[in-house]
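Understanding the architecture of this molecule
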Amino acid sequence: MTAPQTCTPLNPEVEALMKQLRLPHARAIAADVLATARSQRWDPADALTALLTEELAGRARSMLASRRKSANFPTGKTFDVWDETASSIPVPTQHALQTLEWVQRRENLVVCGPAGTGKTFFLEALGQKVIEAGMPVAWFSLEQLGTLVRAHRADDTLGKAIAKIVRAELVVIDDVGLLPVGADAAEGLYRVVEAAYERKSVAVSSNLHPSGFDELMPKTLATATVDRLLHHAHLCQTSGDSVRLAQALAGKGVTALN
C-alpha cells in the first residue's frame, strides 16, 4: 500500500474515538489508509481490514517487546546467531528442545558443563523462542535470587515474590555453581524449583552436574532441590574448550583496529 504524497489529517472525532477505544497502531496509519482508500476507491471493508490488521500486528509487536523486557535477558541473543554445529549438545537434541514441547509439558531443563561451552547462550535463545511463542519468561542469576530473598524476607513477602516469579511459563536460573552460594541464594533456588514443580518449567545452567549441588549448599536443601528439579527434566551435558577463549586466541573476539 502506497500513501499519497499529501493526505487530509484524520477527522478529530474519529481520532478521539480511536483514542478512547485504545487503537494506537491503527490510529497512527489511519490518515494514510483513508487517503489511499479515497484515491483508489477501496471498498470500505478493505480500509477497515487494513486498519484492524495493523492494530493486531502492532499489539503483537508491543506484547513481544514487553515480554522481552520483563524477561530481563542478559544479552538478547537468539538462534539467529547460534552455531548449532559448534555446540557439544547433539543437534537432534537442540532441535527437539526448540520445539518447546518440554515447556508445554511443564518439564525442566538442565544444561551443565565447563565455562564457555554455550550454556547461557543456548538457554537465552530458547527463552527467546518461548517469548516468541507467546509465553512469559523470567531470567535470574543465582546471585539475583539471593538478593530477592533478602529483600523480601524483612517484610515477610517472600512467598508472594516467589509466586510472582513462577507466573512465567519458563524460569531460567543461570550460572549455578560459578560463584560461592550464600544461604539466601540457596534458599531462593530451592523456593523457585519447589514453587514451579509440575506447574511451570525451570531451566538451569551450571558448571556442575546437579549431583554436585551439595558442594554449593547444605546437603538436605540440595537433595530436596535436585529431587524436584530432575524429576521431570532433560539433562544436557556440554563439553570441550571455551568457545570464547578459542575465538579470542584466533583473533575473532574483537573487530580489527584501523
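Position numbers for residues start from 1 in each chain and track the written sequence from start to end. Only residues with pLDDT of at least 70 get local features here, since the model is predicted, and only at 80 or more are side-chain atom pairs given and counted; chain-wide, interface and lining totals rely on the full set of residues. To obtain the side-chain values, all non-hydrogen atoms of the structure were used and water was disregarded.

1. Points about unusual backbone geometry
Rule in force here: Numbering of helices and strands runs from the N terminus; a helix is a DSSP stretch of H or I covering at least four residues, while a strand is a stretch of E covering at least two. Partly exposed describes any residue whose relative accessible area lies between the buried limit of under 20% and the exposed limit of over 50%, with all areas from a 1.4 Å probe on protein chains only and scaled to the type maximum.
Within the chain, Arg106 stands out as a residue other than glycine whose phi angle is a positive 60 degrees. With respect to the helices and strands, Arg106 occurs in the loop between helix H5 (101-104) and strand E1 (108-112). Residue class for Arg106 comes out partly exposed when judged on its relative accessible area of 40%. The backbone of Glu198 sits at a positive phi, close to 60 degrees, despite the residue not being glycine. When its relative accessible area of 46% is taken as the criterion, Glu198 is described as partly exposed.

2. Things to note about helix H4 (residues 91-98)
Along an α-helix, residues three or four apart share an orientation, since each turn contains 3.6 residues. Put simply, the rule is: By arc we mean the arc of the directions from the helix axis to the C-beta atoms, nothing more. Should any heavy atoms of two residues lie within 4.5 Å, those residues are considered in contact.
Every buried residue belonging to H4 is among Gln94, Leu97 and Gln98, and all of these are buried. Each buried residue of H4 lies within a common arc of 100 degrees when the element is viewed along its axis, so the set occupies one face. Where H4 is buried, its residues touch H5, E1, helix H6 (119-132) and strand E5 (233-237). Two residues or fewer past H4, Leu100 is found with a positive phi of approximately 70 degrees.

3. Remarks on the pattern of salt bridges
Filter applied, for reference: Think of a salt bridge as a Lys or Arg side-chain nitrogen and an Asp or Glu carboxyl oxygen that are within 4 Å of each other.
For the coordinates displayed, the defined rule picks out 12 salt bridges. A salt bridge links Glu187 to Arg153, with the shortest nitrogen-to-oxygen separation between them at 2.4 Å. With Glu187 in helix H9 (residues 183-196) and Arg153 in helix H7 (residues 142-153), this residue pair connects regions lying 34 residues apart in the sequence. We classify Glu187 as buried; its relative accessible area is 19%. The exposure class assigned to Arg153 is partly exposed, which follows from its relative accessible area of 39%. Salt-bridge contacts for Glu169 lead to Lys200; the nearest nitrogen and oxygen are separated by 3.9 Å. With a gap of 31 residues between them, Glu169 in the loop between helix H8 (158-165) and strand E3 (170-176) and Lys200 in the loop between H9 and strand E4 (201-206) connect regions that are remote in the sequence. Taking relative accessible area as the criterion, Glu169 reaches 22% and is therefore assigned partly exposed. Residue class for Lys200 comes out buried when judged on its relative accessible area of 16%. Salt bridges sharing common partners tie together Arg150, Arg153, Asp184, Glu187 and Arg191.

4. Observations concerning the confidence of the model for the chain
Counted only if it meets this: You can read pLDDT as the predictor saying how much it trusts each residue, on a scale of 0 to 100.
Looking at the chain as a whole, its pLDDT mean stands at 88, while 91% of the residues score no less than 70. This model gives residues 1-5 a pLDDT under 50, and the stretch forms 11 contacts once residues within four places in sequence are excluded.

5. Re the packing of helix H1 (residues 12-20) against helix H2 (residues 24-40)
The following threshold applies: An axis is simply a line fitted to the C-alpha atoms; with a helix, the fit covers only the stretch in contact. Between two such axes, the angle follows the N-to-C directions and lies from 0 to 180 degrees. Comment on the angle field: the value is read as roughly parallel under 35 degrees, roughly antiparallel over 145, roughly perpendicular from 65 to 115, and oblique elsewhere. With the far helix as reference, a near helix turned anticlockwise by less than a right angle produces a left-handed crossing, and one turned clockwise produces a right-handed crossing. As a working rule, the residues Ala, Val, Leu, Ile, Met, Phe, Trp, Tyr, Cys and Pro are called nonpolar, Asp, Glu, Lys and Arg charged, and the rest polar, with Gly in that last group.
Two numbers describe how H1 lies on H2: the axes approach to 9 Å, and their chain directions differ by 160 degrees. Comparing their axes, H2 and H1 come out roughly antiparallel. Between H1 and H2 lies a crossing whose hand is right-handed. Contact residues: H1 offers Glu15, Met18 and Lys19, while H2 offers Ala26, Arg27 and Ala30. The residue makeup of the contact of H1 with H2, split by class, is 3 nonpolar, no polar and 3 charged.

6. Notes on the nonpolar core
Put simply, the rule reads: In this text, buried Ala, Val, Leu, Ile, Met, Phe, Trp, Tyr and Cys residues form a nonpolar core when linked through side-chain atoms within 4.5 Å.
Ranked by internal contacts, the top residues of the largest apolar core, which has 32 residues, are Leu142, Ile165, Val171 and Ile173. Looking at this core, the elements with two or more residues in it are strand E2 (137-141), H7, H8, E3, H9, E4 and helix H10 (219-231). Ranked by the residues each element gives to this core, the list is headed by H9, at 7 residues. Val171 has contacts with Ala138, Phe140, Ile165, Val166, Val192, Ser201, Val202 and Ala203, leaving out every residue within four places of it along the chain. Listed in part, the 25 residues of the second largest apolar core include Ala71, Ala125, Val172 and Cys236.

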